[in-house]
Protein chains: 2
Amino acid sequence: MTEHAHNRLRVVRAGIDTYQQPVVYMHRDCPVCRSEGFAALTRLQMQVGAQQVIATLNVVTGDHLAVDEVALSDAAWSAVTPVDGAFATFQHPEPAASARALRAKVFGARLNDADYLALMRDTADNGLSDIELAAFVTACAGERLDHAETLALTRAMVAVGQTLDWGGGPVLDKHCVGGLPGNRTTPIVVAIVAALGHCIPKTSSRAITSPAGTADTMEVMAPVALDLAAMRRVVEREGGCIVWGGNVRLSPADDVLIRVERPLDFDSDGQLVASVLSKKVAAGASHVLIDMPVGPTAKVRSDAAAQALTERLTATGMAMGLNLAVHRTDGRQPVGIGIGPALEARDVMAVLRVAPDAPADLRTRALAVAGALLDLAPGTSPGQGLALATQALDSGRAWAKFLAICEAQGGFTEPREAPYQAPVLAPRAGRVGAIDNRRLAKLAKLAGAPGAAMAGLACTLRLGDPVTAGQPLYTVHAQSPGELDYALAYARAHPEIVFLEAT
Amino acid sequence: MTEHAHNRLRVVRAGIDTYQQPVVYMHRDCPVCRSEGFAALTRLQMQVGAQQVIATLNVVTGDHLAVDEVALSDAAWSAVTPVDGAFATFQHPEPAASARALRAKVFGARLNDADYLALMRDTADNGLSDIELAAFVTACAGERLDHAETLALTRAMVAVGQTLDWGGGPVLDKHCVGGLPGNRTTPIVVAIVAALGHCIPKTSSRAITSPAGTADTMEVMAPVALDLAAMRRVVEREGGCIVWGGNVRLSPADDVLIRVERPLDFDSDGQLVASVLSKKVAAGASHVLIDMPVGPTAKVRSDAAAQALTERLTATGMAMGLNLAVHRTDGRQPVGIGIGPALEARDVMAVLRVAPDAPADLRTRALAVAGALLDLAPGTSPGQGLALATQALDSGRAWAKFLAICEAQGGFTEPREAPYQAPVLAPRAGRVGAIDNRRLAKLAKLAGAPGAAMAGLACTLRLGDPVTAGQPLYTVHAQSPGELDYALAYARAHPEIVFLEAT
């Protein structure tokens, strides 16, 4: 549709952070609002020079914006990067090409490859609003995505992003299906596998619904927001890296979907598979190990659920040309001592340093995952993986490799301790009968994690441990008194987070 | 959780219209953001005096807000109505009581009465974010609400709003299951039924996904935003009214759900039934007629769909104690000449005035609906309804009653004509084989309806009419050149909106 002369506004910066969704502010009496009939929450297409973005309109009814100006939220500003005194033009966006497909999926239809490609293109281009994204995520929840659709969604996510090429050799990768606080094996596995001469260019995500993602934890020890060129330099030098995937624009549609999955606090089987495997394929992986913790309060709660997810991962992985194996692990209780970026980083380093007080469960898990990944890789005689991994860790080669990777990524820093700490005490004596991972995660988030990197909690108890009345069950760490209070209030309200059986 | 002394900010008005969702703006460096760990898009609970509201946070990174101030969007402002120099305190909201139920529904579980009550209470209290509402609407789409759940949702919607009492006598009501442009029978039916001495206190909605709701159309002729007291005065004086339901807070949860259903442009069977019947029960209706247009491009597209919806409406209506009948009508083409508030009002008035050029189809439909409703009502010998209705209309008593109702609602005004009009011409000769209601509605919306009350389109053609090349198929009406252009561009892009068969 044609632009109109009356359809130009001077761009100013609103200085408002609206998270990822671009918002523009126009005065109620501005000529564009009047002539185009834009009203609050209208989605409009804004053009500044050669840059275009679809943004949501908020209408300014006060007098702090001129009628010939448009104010851009931080997200809108960085999307069009205006020069000084730039003008913006506006028009009604064409209906999203995927609108029909979205509607069909909401009403239970099966979609084809073209539908998912259109949906993921519009998603990656910010052509869908948050509520449309929420509708899509919900329409795919539970069993509403079959295998063929999962594959189509995965292909589409790969297609709308960039794909890395590491020169054709075997490229190793691993992923944990999550839901298990403190299960931070990735930095250890990457260090071990890279120390053994394999190529493992690992991209990790920030927390979606957990108190810390691997990227959040790694960022406490080294920069992770590397662009693709920087990531390449690290991998060429050290064979491995642990960087945040968001800057590399692998499967960008997935990064956008996370925006609604995070506050909704759920993602579905099909979406989980598409999210994981699209990232792996885009990252150029050839051999992928999936760590799947199973437990009543883990993300995968039952053997049946694990079986279904394993089949979906394996079938989709094979169809995407991956050499993939699923390694099922015990998900009944947290791993390591810390929950939260800095606290988990401390555990990771203790294991890598082979410290005497290193959490044994994290060490055991990391070695098992590394071993299984090595068994999957070419050049390892089956069953030798675990021995190789253990040797690389105990010899200090993994720790040296980890430090080298941190240096290559921009420099290693030692994690610091939170200024505010308080223990949660056992109301009575007993034996630890169960630990509610979901509530522990919620508590760590109330304490400020992952936004506050030092926040979270430390818990050394394990199932079956005896506890005396008044003994600390876990310690809450926070960077502000307010957040410490929230976490402790939540702990008081949920005394069963660590369930004590009578002995 | 306790409030904190450092947790107070001076309230100022942001002067920003964010539609219904309350938004608050805090400076990045403000003590509350820092101590509470609030970040962009955090949902927080704000207290001002005795008033509380859950709002979404936008973080101000510029310097136009003091660090000890909080700026409130229009919606947030009207939710807490601050006095001069008021202070607000903030805390993390308790997780919505309905969060667990929402998650269960998203993953396909059946919910019980208590679940739906919790969901609708949180919905009405604005305790759910837009993306959570979008997830709920999607989780209920298609066949995902069974009869029992539909009834539970309906009861919950009634329970969280107020219910009107008209003194125990029979109270008539009607509703059209939309999807048919121009099918604006309500003002005519109310006028006829009230003229015959029945009580028909009609509350109507504004457009959800259509170019005009009955409230939008009625508002062109008389005020509709009456509060409950004013509505009572009108009904006590004239026996009937046609007011906007939003101000009366009948089924307020439904009004909130509309906020996401509108941009998503879909609502589901179960939600449709709950939405319609909760409004009727809350409005105190005892005898309800449902007008259900059926056609390939109407909201109800097939006889099978009509049957399913009829069963759901009847079963739920009976369980809610309503005397309800469904009147199925031809939904293959638009009704009347105009589409859009003022254009539809013009048709309504032509019928009420028994004008020679009044659209015959609208007259016929209005009389049929009024007749069926009268047949349902006590005191009418079955089959006499149509004759009574026709007599009331042709005698001018309905028109007189309509004017009296308009006067009682605040005064009658004659609809005006749009300043910008342009015809869309037939590309070739032929016969009208089909009319795409959905695209016609979309076109009327692009022209500015319902926001621009005079905007829309006028079409006198009917199925089977012969058309010569270059003859106007319909005329687009707009209040701005920009909107006229958008509508015409859309018409050019979709020449098949009025499909011409070769003759």
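Residues numbered from 1 in each chain as written. Chains lettered and ligands numbered in written order. Predicted model: local features only at pLDDT ≥ 70, side-chain atom pairs only at ≥ 80, totals over all residues. Heavy atoms only, no water.

**Things to note about the overall build of chain A**
For chain A, the count of helices and strands is 18 helices and 19 strands. Taken against the 2.2 N^0.38 rule, which gives 23 Å for 503 residues, the C-alpha radius of gyration of chain A at 24 Å falls within 12% of a compact globule. Considering only C-alpha atoms, chain A reaches an extent of 75 × 55 × 45 Å along its principal axes. Expressed as a percentage of its 503 residues, the buried residues of chain A come to 60%. Residue pairs in contact within chain A that sit at least 24 positions apart in sequence constitute 79% of those at least 6 positions apart. By element, 53% of the accessible surface of chain A is carried by carbon and sulfur atoms, the whole surface being about 18,100 Å². Where the 45 positive side-chain charges of chain A centre and where its 51 negative ones centre are 2 Å apart. (Helix = DSSP H or I, 4+ residues; strand = E, 2+ residues; numbered from the N terminus. Rg over C-alpha atoms; globule rule 2.2 N^0.38 Å. Buried < 20%, exposed > 50% of the residue type's maximum accessible area, 1.4 Å probe, protein only. Contact = heavy atoms within 4.5 Å. Areas by Shrake-Rupley, 256 points an atom, 1.4 Å probe, with all protein chains shown as cover. Lys, Arg positive; Asp, Glu negative; His and termini not counted. Charge placed at Lys NZ, Arg CZ, Asp CG, Glu CD.)

**Let's talk about helix H14 (residues 360–376) of chain A**
Taking 1.5 Å of rise per residue, 17 residues should cover 24 Å, and H14 of chain A covers 24 Å from first to last C-alpha, within 8% of that figure. Along H14 of chain A, the residues that are buried comprise Leu362, Arg365, Ala366, Leu367, Val369, Ala370, Gly371, Ala372, Leu373, Leu374 and Leu376 of chain A. (Expected span 1.5 Å × (residues − 1).)

**Brief notes about the nonpolar core**
Membership of the largest hydrophobic core comes to 64 residues, with the highest contact counts inside it found for Met120 of chain A together with Met120 of chain B. Judged by nonpolar contacts, the second largest core, of 46 residues, contains Val193, Leu373, Ala377 and Ala398 of chain A. (Core = buried A, V, L, I, M, F, W, Y, C linked by side-chain atoms within 4.5 Å.)

**Some points on the interface of chain A and chain B**
In this assembly, 58 residues from chain A lie in contact with 59 residues from chain B. When chain A packs against chain B, the two sides together hide about 4,500 Å² of surface, and 63% of this comes from carbon and sulfur. Here the side of chain A that touches chain B gets seven residues from one element, more than from any other, and that element is helix H5 (residues 130–139) of chain A. Classifying every residue of the side of chain A that touches chain B gives 24 nonpolar, 17 polar and 17 charged. (Buried area = accessible area lost by both parts, 1.4 Å probe. Nonpolar A, V, L, I, M, F, W, Y, C, P; charged D, E, K, R; others polar.)

**What about the side chain of arginine 365 of chain A?**
Residue and element names in this part refer to chain A. As for its position among the elements, arginine 365 is in helix H14. No salt bridge is formed by the buried arginine 365; its nearest oppositely charged neighbour, aspartate 291, is found at 4.6 Å. Those residues in contact with arginine 365 that sit more than four places away from it in its chain are Leu180, Asn183, Thr185, Thr329, Asp330, Gly331 and Val335. (Salt bridge = Lys/Arg side-chain N within 4 Å of Asp/Glu carboxyl O.)

**Some words on the pairing of strand E12 (residues 323–330) of chain B**
Residues and elements named next belong to chain B. Pairing of strand E11 (residues 287–294) with E12, which is carried by eight bridges, proceeds in the parallel orientation. Among the inter-strand pairings, methionine 292 is bridged to a residue of E12, identified as arginine 328. Once you follow E11 into helix H12 (residues 303–319) and on to E12, the crossover reads as right-handed. (Pairing = 2+ DSSP bridges. Right-handed = clockwise from strand over helix to strand, strands pointing away.)

**Here we look at the packing of aromatic side chains**
For any pair of aromatic rings, geometry is given as the distance between the ring centres together with the angle between the planes. Residue and element names in this part refer to chain A. One pass over the structure, following the stated rule, counts six aromatic pairs over all chains. Pairing tyrosine 116 with phenylalanine 136 gives two aromatic rings, centres 6.5 Å apart and planes at 65°, and the pair type is edge-to-face. Separated by 20 residues along the polypeptide, tyrosine 116 in helix H4 (residues 113–124) and phenylalanine 136 in helix H5 bring together distant segments of the chain. Summarising the burial analysis for this pair, tyrosine 116 and phenylalanine 136 share the class buried. Relative to phenylalanine 412, the ring of tryptophan 399 has its centre 6.2 Å away and its plane inclined at 90°; by these criteria the two rings are edge-to-face. In this pair, tryptophan 399 is assigned in helix H16 (residues 397–409) and phenylalanine 412 in the loop between H16 and strand E14 (420–425), connecting sequence segments 13 residues apart. Judged by relative accessible area, which is 16%, tryptophan 399 ranks as buried. With a relative accessible area of 21%, phenylalanine 412 lands in the partly exposed category. (Phe/Tyr/Trp six-rings, centres within 6.5 Å; stacked < 30°, edge-to-face > 60°.)

**A closer look at helix H17 (residues 437–446) of chain A**
Of all the residues in H17 of chain A, the buried ones are Asn437, Leu440, Ala441, Leu443, Ala444 and Leu446 of chain A. Buried-residue contacts for H17 of chain A involve strand E13 (338–339), strand E15 (430–435), strand E16 (456–458), strand E18 (472–478) and helix H18 (481–493) of chain A.

**As for the layout of surface pockets**
There is about 330 Å³ of room inside the second largest pocket. For the second largest pocket, the lining is made up of 20 residues, of which Ile16 and His64 of chain A together with Ala14, Ile16 and His64 of chain B are closest to its centre. For the lining of the second largest pocket, the secondary structure elements donating two or more residues are strand E1 (8–13) and strand E6 (69–72) of chain A together with strand E1 (8–13) and strand E6 (69–72) of chain B. Residues of the lining of the second largest pocket, tallied by class, amount to 14 nonpolar, two polar and four charged. (1 Å grid on protein atoms, 1.4 Å probe; cavity = no way out; pocket = protein on both sides within 12 Å on 5 of 7 lines; lining within 4 Å. Points joined across faces, edges and corners; volume = space filled by probe spheres on them.)

**Re the domain arrangement of chain A**
Segmentation of chain A into domains returns domain 1 (5–91), domain 2 (99–159), domain 3 (172–249 + 264–409) and domain 4 (420–501). Centre-to-centre, using C-alpha coordinates, domain 1 of chain A lies 46 Å away from domain 4 of chain A. (Domains from an automatic or database assignment.)

**Topic: the pairing of strand E3 (residues 23–27) of chain B**
Residues and elements named next belong to chain B. Within E3, five of the five residues are buried, which leaves the element mostly enclosed by the surrounding structure. Residues of E3 alternate between two faces, with Val23, Tyr25 and His27 on one and Val24 and Met26 on the opposite face, all of them buried. Two elements, E3 and strand E5 (residues 51–60), share five bridges in a ladder whose sense is parallel. Among the inter-strand pairings, valine 23 is bridged to a residue of E5, identified as threonine 56. Note that E3 and E6 share three bridges and pair antiparallel. For tyrosine 25, the partnering residue across the bridge sits in E6 and is alanine 71.

**Examining unusual backbone geometry**
With an omega of 0°, the peptide bond running from alanine 449 of chain A to proline 450 of chain A counts as cis. The phi dihedral of asparagine 126 of chain B is positive, around 60°, even though this residue is not glycine. Mapped onto the fold, asparagine 126 of chain B is located in the loop between helix H4 (113–124) and helix H5 (130–139).

**Some thoughts on the sheet that holds E18 of chain A**
Residue and element names in this part refer to chain A. With respect to topology, four strands assemble into an open sheet ordered E13-E16-E18-E14, the strand pairing being antiparallel. Edge positions in the sheet fall to E13 and E14, since each has one partner strand and no second. Its contacts with the sheet place H17 against E13, E16 and E18, and it is angled at close to 125° to E16. (Axes fitted to C-alpha atoms, helices over the stretch in contact; angles between N-to-C directions.)

**Digging into the relation of the copies chain A and chain B**
In screw terms, the move from chain A to chain B is a rotation of 180° and a rise of 0.1 Å along the axis, fitting with an RMSD of 0.1 Å. The relationship between the two copies is best expressed as a two-fold rotation axis. An overlap of 100% is found between the interface residues of chain A and their copies at the interface of chain B, pointing to a shared contact surface. (Least-squares fit on C-alpha atoms with pLDDT ≥ 70 in both.)

**Description of the sheet that holds strand E12 (residues 323–330) of chain A**
Note: strands within a sheet are paired through backbone hydrogen bonds, in either parallel or antiparallel orientation. All names here are of chain A. Across the sheet, three strands lie side by side as E8-E11-E12; this open sheet has parallel pairing. Unpaired on one side and paired on the other, strand E8 (172–176) and E12 mark the two borders of the sheet. Averaged over all neighbouring strand pairs, the angle between strand axes comes to 20°, with direction disregarded. Across five bridges, E8 lies against strand E11 (residues 287–294) in parallel orientation. Across the sheet, lysine 174 pairs through a bridge with leucine 289, a residue of E11. Packing of helix H11 (residues 269–282) onto the sheet brings it into contact with E8, E11 and E12, and relative to E8 it is tilted by some 160°.

**Digging into the packing of helix H9 (residues 228–238) of chain B against helix H16 (residues 397–409) of chain B**
Residue and element names in this part refer to chain B. The N-to-C vectors of H9 and H16 enclose an angle of 150°; their axes lie 9 Å apart at closest approach. One way to sum up the angle between H9 and H16 is to call them roughly antiparallel. Read as a crossing pair, H9 and H16 show a hand that is right-handed. Contact residues: H9 offers Val234, Arg237 and Glu238, while H16 offers Lys401, Ala404, Ile405, Glu407, Ala408 and Gln409. The class makeup of the residues in the contact of H9 with H16 is four nonpolar, one polar and four charged. (Parallel < 35°, antiparallel > 145°, perpendicular 65-115°, else oblique. Left-handed = near helix turned anticlockwise from the far one by under 90°.)

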